[in-house]
Amino acid sequence: MSMLIKMQPGSEDEGRLDLLCSLTNLSKNTVDAIKYNLVNGAKIELSAAIYDIQVPNLVRSINKINETNHIVQQIIDFKKQAHDFQYSGKVDLNTGAGIYKCTKCGKRKAEF
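(A) Main features of the overall build of the protein chain. On a plain count of helices and strands, the protein chain comes out with four helices and three strands. Secondary structure elements of the protein chain occur, N-terminal to C-terminal, as α-α-α-α-β-β-β. Scaling as 2.2 N^0.38, a compact globule of 112 residues should have a C-alpha radius of gyration of about 13 Å, whereas the protein chain reaches 20 Å, well beyond that. Projected onto its principal axes, the C-alpha positions of the protein chain cover 60 × 30 × 20 Å. Burial analysis of the protein chain (112 residues in total) assigns 29% to the buried set. When contacts within the protein chain are restricted to residue pairs at least 6 apart in sequence, those whose partners lie at least 24 apart make up 42%. Of the roughly 7700 Å² of accessible surface on the protein chain, 55% is carried by carbon and sulfur atoms.

(B) Spotlight on unusual backbone geometry. Here Asp-52, not a glycine, exhibits a phi torsion of approximately 55 degrees, which is positive. Structurally, the position occupied by Asp-52 is in the loop between helix 3 (44-50) and helix 4 (55-82).

(C) Focus on the pairing of strand 3 (residues 108-111). When strand 2 (residues 98-102) meets strand 3, the two strands line up antiparallel, connected through four bridges. The residue bridging Ile-99 from the neighbouring strand is Ala-110, located in strand 3. Following strand 2, the chain reverses through five residues before pairing antiparallel with strand 3; Gly-106 in that reversal takes a positive phi of roughly 85 degrees.

(D) Spotlight on the sheet that holds strand 1 (residues 85-91). The strand order across the open sheet built from three strands is 1-2-3, with neighbouring strands paired in antiparallel fashion. In the strand order of this sheet, the two ends are held by strand 1 and strand 3, each with one partner. The sheet shows a mean angle of 35 degrees between the axes of neighbouring strands, taken without regard to direction.

(E) Looking closely at the environment of Lys-90. Relative to the elements of secondary structure, Lys-90 occurs in strand 1. For Lys-90, the contacting residues outside a window of four places in its chain are Ala-97, Gly-98 and Ile-99.

Calculation rules
Residues numbered from 1 in each chain as written. Predicted model: local features only at pLDDT ≥ 70, side-chain atom pairs only at ≥ 80, totals over all residues. Heavy atoms only, no water. Helix = DSSP H or I, 4+ residues; strand = E, 2+ residues; numbered from the N terminus. Rg over C-alpha atoms; globule rule 2.2 N^0.38 Å. Buried < 20%, exposed > 50% of the residue type's maximum accessible area, 1.4 Å probe, protein only. Contact = heavy atoms within 4.5 Å. Areas by Shrake-Rupley, 256 points an atom, 1.4 Å probe, with all protein chains shown as cover. Pairing = 2+ DSSP bridges. Axes fitted to C-alpha atoms, helices over the stretch in contact; angles between N-to-C directions.

This is the structure:
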């Protein structure tokens, strides 16, 4: 199980943050304030003031995004554990993609 690692101001990808926010019911104004903090690196107080949100409410919303991010990361970790694909040394002659085989179940996949 993965640890909850909080998202850091100024170091988050806007596209990923958009996806995480789409999993919540946060208002556009709140999402914009969160982006201003987590993507642009503005202090929480400044983000809250610019977007006319109370600081405790913005902090609560950022915590919600962190919890959502944690759940998404757990799903990713679970999916990684489900299969252990190893390169088989073979290539699909039609596509040129490498052939990978799961060491646990034998499932094969092609990947570039």
